[in-house]
Amino acid sequence: MRKAGREGGDGGGLRVVGVDPGASVTGWAVVEERGSRLVHLASGLIRPRGGSLPAKLVSLFDALGCVIVKWQPDVACVEKTFVARNAQSALKLGEVRGVVALAAARSGLEVREYSPAQIKLAVTGYGRADKDQVKYAVTKLLALPRVVEEDRADALAAALCCLNRAPAEKILARLGARGRGRPKGLRARVSP
């Protein structure tokens, strides 16, 4: 799992890049587990350049690719998004998410996706937490010197969610690989 020559590497564990995709601003954050601690390594905002959407998507792809090359994460975590009010916004955001997933997959990373409720639950203990609660929680969990802006906080929260869920997902994957997803003796009941 450890990649040789990785920036900031001192023998830590799983390193995650969390991404909060946005049509005009995309937040990113790199967090690593070190023993029982979760450590913030870097975070930032990508404001894609270009006039047209395709030009902005290329800019986003390139910028996120640079983040991945520099920080060499093991996994990418992307927030699932749902926009019901405006179909155009939903389509545009879907394209941005696709580019984020492509940049991560193209770099050989596993891409994990979590809903906003799952992410909020992982960092605040409440799946319907508001933006200020998320910002406060990530600031405290990572011992940051100051509260960060919304897009960066959402990316940090996505990375924290991934790291918090990783042990359980590893166990479930191992059980599934062995064909032991259900304990012996339990059978599904079928109603007549």
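Located above this text is the structure these notes cover.
Draft legend 1. Inspection of the pattern of salt bridges at higher detail. Tallied over the entire structure, the rule returns seven salt bridges. Among the ionic pairs, Arg97 bridges to Glu113, the shortest N-O distance being 2.3 Å. Here the residue Arg97 occupies a position in helix α2 (residues 87-106), and Glu113 occupies one in strand β5 (residues 110-114), the gap between them amounting to 16 residues. Notably, a salt bridge pairs Glu110 with Arg112, separated by 3.0 Å at the nearest N-O pair. Note on Glu110: relative accessible area 42%, which makes it partly exposed.

Draft legend 2. Structural context of the pairing of strand β4 (residues 75-79). The buried fraction of β4 amounts to five of the five residues, a majority that puts the element mostly inside the structure. Side chains Val75, Cys77 and Glu79 of β4 all project onto a buried face; the interleaved residues Ala76 and Val78 project onto the opposite face, where all are buried too. With five bridges joining them, β4 and β5 adopt parallel strand pairing. For Ala76, the partnering residue across the bridge sits in β5 and is Val111.

Thresholds applied
- Residues numbered from 1 in each chain as written.
- Predicted model: local features only at pLDDT ≥ 70, side-chain atom pairs only at ≥ 80, totals over all residues.
- Heavy atoms only, no water.
- Salt bridge = Lys/Arg side-chain N within 4 Å of Asp/Glu carboxyl O.
- Helix = DSSP H or I, 4+ residues; strand = E, 2+ residues; numbered from the N terminus.
- Buried < 20%, exposed > 50% of the residue type's maximum accessible area, 1.4 Å probe, protein only.
- Pairing = 2+ DSSP bridges.

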